[in-house]
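# Summary of the model geometry
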Amino acid sequence: MARHRKAAALLASGLLLALAGGFHLLGWEVARSGALLLASAISGWTIAVKALQALRLRTFSIELLVTIAMIGAVILGEYVEAAAVAFLFRLGAYLEAITLGKTRSALKALIDLAPAEAIVLRDGAQVKMLASEVERGDRVLLPSGSKIAVDGRVVSGQALVNEAAITGEPVPVAKQVHDRVFSGTTVDTGYLEVIAEQVGEDTTFAKIIELVEEAQESKAKTQKFLDKFASYYTPGMLLLAVLVYFVSRNPELALTFLVIACPGALVISAPVSMVAGLGNGAANGLLVKGGEVLENLAKADLVVFDKTGTLTEGRPAVVAITTFGGTPERELLALAAAVEAASEHPLGQAIVDAAKERQGELTERPEQVEVHKGSGIRGTVRGQNVLVGKLAWLDGLGISVNEAAQKEAERQEKQGYTVVFAAAGGTLIGMMAIADPVRLEAQEAIRGLKREGVKRALMLTGDNRHAARQVADRVGIDQVYAGLLPAEKVAHIQEWKRQGYRVAMVGDGINDAPAIAAADIGMAMGGTGTDVAIETADAVIMTDRLDKLVYARRLAKRTVRNMKQNVSFAVAVVVLLLAGVVTEHIYLASGMFIHEFSVILVILNALRLTRRGRGSGRAAGPNAEPNAITAVSTAQGCLPDRGAS
């Protein structure tokens, strides 16, 4: 409604100016003057009100300069100049609002995607309710085409889910039992039942909207400087205009100087670039908490990575199987998985997942299961006593392990794998090497960062040195610091900062949060990251792909470059206009036209940031990774030694 009123006032002023031109051609000077004064009043009223509001707050605004110029022009009888100045200023402000609105389209699109309703199963009946009324623990039903209103875990069904609102990636992701789903995403095809874990303002989608809103209100260092500069600039220009009058004794020249001195393009040059850059990031699964973060990211010359969950996928997988005594590989997996199905340990779940990949759902159930913390697990399957765990534990129970098996285990452990042995009926039947696979895109991401000007890529991890070195060699890390506590990670980052580096830290876990907070730029992996790491970080990669780091760096550099272009152009325009006024080559109406046109050019330049750079390309699809068991070469990282089987 407010925009319509502004458009109507602008249209009325424009028509009155045109009408005044017609009256002038007809020689109706009184009617001409009346039309010009009315046009000045319609366009100038809002400008004058804003100037007075600013004065009440003891602020010298741009509107004050324009108001003084309009009143002065009327007093001098220069009605054309008064009407033209008011109309052009309002026209510039209107076009500025429209184009700025486009840079905020990412936030509006996010808000529009927010689910309004949900279908919940309560007391055996399906109940449709507002998304805000869903409670934690509710069972949410999600038929094909429905928007997901909660963060939760799938307990029934399977479907393809479009997660573009969270990750920026348009390819639907397959979801089944135990997978997580997020608010704001959409079920493309299929049916799911989800237990709500986060609802309302606690959902990932709600936090994204909050982060984007905060980021667009946050100011970059350049923008803060320009805001402070504007508060001194206006009174300074008032004094200079007075000086011009005393020197020239020409009130029209002084008023023209006053109006042309308005730094509209300069004041808007930084914020419009930052808002456009932040909007581009939000549309591509990159949430940046403010313009200052973008500036720092553009200057970062040292990037530090956590290992587990950042350079690696954060979930263990069986990467090699060795059998003994002629035991078929299928039999080994079936027996080990049957026992491990009773365990919640990550290594045990890796064995279960490997068996499901090969054989489908598990049908056998173990009996008399015993968990030996830090050693292994035992149970009865098909009447056999099955043991799965560490070599030393099996050896202590009288299981004979030959020298060949020991050497093979040592070889795999040197590669950074965790080795789990299995025995059945008192005989060793095989062993399984388990690792946390390196992200497929990690190596290219680090290469891309170095192409974008990052000097060094380092690793800080609490994992053992061998495992860390294996991952580092594979992805191109320059130096590894392993076996660290969270406080030691922080100490390293602080030391690098003292050496003059601009440090960016990338992590995903609770133990990474202190290091993320200590870095100049903290970045969290949103897909696998903990809430603590995400809330501590300055930027969040919602796609859970490391190659987005290259996109983030490129976007930051483009945004800062765009901002510098705008500031330089705006300063040049103001200087040239003032020089033209003083030398009497530029007059009030023409100067205002050039000034407002420069504002539009600054905004249009910033809008380029919203149209280019849709993020980095994918080296492989989300489901394009090879089988974890057969493709040993793809997995070079590992987890620490097993604490409990």
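The notes below deal with the structure included here.

Parameters at a glance
- Residues numbered from 1 in each chain as written.
- Predicted model: local features only at pLDDT ≥ 70, side-chain atom pairs only at ≥ 80, totals over all residues.
- Heavy atoms only, no water.
- Core = buried A, V, L, I, M, F, W, Y, C linked by side-chain atoms within 4.5 Å.
- Buried < 20%, exposed > 50% of the residue type's maximum accessible area, 1.4 Å probe, protein only.
- Pairing = 2+ DSSP bridges.
- Helix = DSSP H or I, 4+ residues; strand = E, 2+ residues; numbered from the N terminus.
- Axes fitted to C-alpha atoms, helices over the stretch in contact; angles between N-to-C directions.
- Parallel < 35°, antiparallel > 145°, perpendicular 65-115°, else oblique.
- Left-handed = near helix turned anticlockwise from the far one by under 90°.
- Contact = heavy atoms within 4.5 Å.
- Nonpolar A, V, L, I, M, F, W, Y, C, P; charged D, E, K, R; others polar.
- Expected span 1.5 Å × (residues − 1).
- Arc of directions from axis to C-beta.
- Salt bridge = Lys/Arg side-chain N within 4 Å of Asp/Glu carboxyl O.
- Polar contact = N/O pair within 3.5 Å; in protein donor to acceptor, adjacent residues only side chain to side chain.
- Phe/Tyr/Trp six-rings, centres within 6.5 Å; stacked < 30°, edge-to-face > 60°.
- Lys NZ or Arg CZ within 6 Å of the ring centre and 35° of its normal.

## As for the nonpolar core
Judged by nonpolar contacts, the single largest core of 46 residues is most densely connected at Phe305, Leu311, Ile477 and Met523. Membership of the second largest hydrophobic core comes to 26 residues, among which are Ile351, Val352, Ala354 and Val386.

## Comments concerning the sheet that holds strand β13 (residues 384-389)
With respect to topology, six strands assemble into an open sheet ordered β10-β15-β14-β13-β12-β11, the strand pairing being antiparallel. At either margin of the open sheet sits one strand with a lone partner, and together these are β10 (317-323) and β11 (367-372). Strand-to-strand, the axes of this sheet are offset by a mean angle of 20°, without reference to chain direction. Pairing between strand β12 (residues 376-381) and β13: six bridges, direction antiparallel.

## Some details on the packing of helix α13 (residues 329-340) against helix α14 (residues 346-359)
As a packed pair, α13 and α14 sit with axes 8 Å apart at the nearest point and diverge in direction by 135°. The orientation of α13 relative to α14 falls into the category oblique. The two elements α13 and α14 meet at a crossing, and its hand is left-handed. Contacts from Glu329, Arg330, Leu333, Ala334, Ala336, Ala337 and Glu340 in α13 reach Gly348, Gln349, Ile351, Val352, Ala354, Ala355, Arg358 and Gln359 in α14. Across the contact of α13 with α14, the residue classes tally to eight nonpolar, three polar and four charged.

## Observations concerning the environment of Glu596
Note on placement: Glu596 falls in helix α23 (residues 588-611). Spatially, the C-alpha atoms of Glu596 and Val85 are 9.9 Å apart, while their sequence positions differ by 511 residues.

## A few points about helix α19 (residues 486-498)
With 13 residues, α19 extends 19 Å between its outermost C-alpha atoms, agreeing within 8% with the 18 Å of an ideal straight helix rising 1.5 Å per residue. For α19, the complete set of buried residues consists of Lys489, Val490, Ile493 and Trp496. All buried residues of α19 project into a common sector of 125° when viewed along the axis, lining one side. Every exposed residue of α19 that faces more than 90 degrees away from the buried side is listed here: Ala487 and Arg498. Of the surrounding secondary structure, the elements contacted by the buried residues of α19 are β9 (302-305), β16 (456-460), β17 (479-481), β18 (503-507) and α20 (513-518). Gly500 sits one or two positions beyond α19 and adopts a positive phi of about 100°.

## Comments concerning the pairing of strand β4 (residues 151-162)
Along any regular strand, the residues point their side chains to alternate faces of the sheet. Note that β4 and strand β7 (residues 186-198) share eleven bridges and pair antiparallel. If you follow Leu160 over to β7, its bridge partner there is Thr189. Where β4 meets strand β6 (residues 180-181), two bridges bridge the pair, whose relative direction is antiparallel. Within the sheet, the bridge partner assigned to Arg153 lies in β6 and is Arg180. Across three bridges, the pairing between β4 and strand β5 (residues 173-175) is antiparallel. Bridge pairing links Val161 to Val173 in β5.

## Digging into the sheet that holds β9
The strand order across the open sheet built from seven strands is β8-β20-β19-β18-β9-β16-β17, with neighbouring strands paired in mixed fashion. The strands lining the two open edges of the sheet, one partner per strand, are β8 (286-288) and β17. Shown here is a sheet whose adjacent strand axes are inclined to one another by a mean of 20°, direction ignored. Looking at chain direction, β9 and β16 are connected through four bridges and run parallel.

## Some remarks on the pattern of salt bridges
A full pass over the atoms with the stated rule returns 19 salt bridges. Residue Arg545 pairs with Glu441 through a salt bridge whose shortest N-O separation is 3.9 Å. Of this pair, Arg545 sits in the loop between β20 (539-541) and α22 (548-582) while Glu441 sits in the loop between β15 (427-435) and α17 (442-451), and the two are 104 residues apart along the sequence. No difference in accessibility class separates Arg545 from Glu441, as the two residues are buried.

## As for the side chain of Ser13
Position of Ser13 among the secondary structure elements: in helix α1 (residues 2-26). One polar contact links Ser13 to Ser43, side chain to side chain, over a distance of 2.6 Å. With near-sequence residues (within four places) excluded, Ser13 lies in contact with Ala39, Ile42, Ser43 and Phe87.

## Here's the deal with the packing of α17 against α22
The N-to-C vectors of α17 and α22 enclose an angle of 15°; their axes lie 8 Å apart at closest approach. As judged from the angle between their axes, α17 and α22 are roughly parallel. Taken as a pair, α17 and α22 cross one another with a handedness that is left-handed. For the pair α17 and α22, the contacting residues are Ala445, Gly448 and Leu449 in the first and Leu549, Val550 and Arg553 in the second. Considered class by class, the residues forming the contact of α17 with α22 number four nonpolar, one polar and one charged.

## So, α22
If you check α22, its first and last C-alpha atoms are 51 Å apart, about what 35 residues at 1.5 Å a residue would give, namely 51 Å. Trailing α22 by a residue or two, Glu584 shows a phi angle of about 60°, which is positive.

## Topic: the environment of Glu292
Along the chain, the position of Glu292 falls in helix α11 (residues 291-299). Assessed through its relative accessible area of 26%, Glu292 is described here as partly exposed.

## Some details on the packing of aromatic side chains
Evaluated as defined, the whole model comprises three aromatic pairs. Aromatic pair Tyr481 and Trp496: ring centres 5.5 Å apart, planes at 65°, arrangement edge-to-face. With Tyr481 in strand β17 and Trp496 in helix α19, the pair connects residues that are 15 residues apart, well separated along the chain. Tyr481 gets classed as buried once you look at its relative accessible area, which sits at 19%. Over the face of the ring belonging to Tyr551 we find Lys548, whose NZ or CZ atom lies 4.9 Å from the ring centre.

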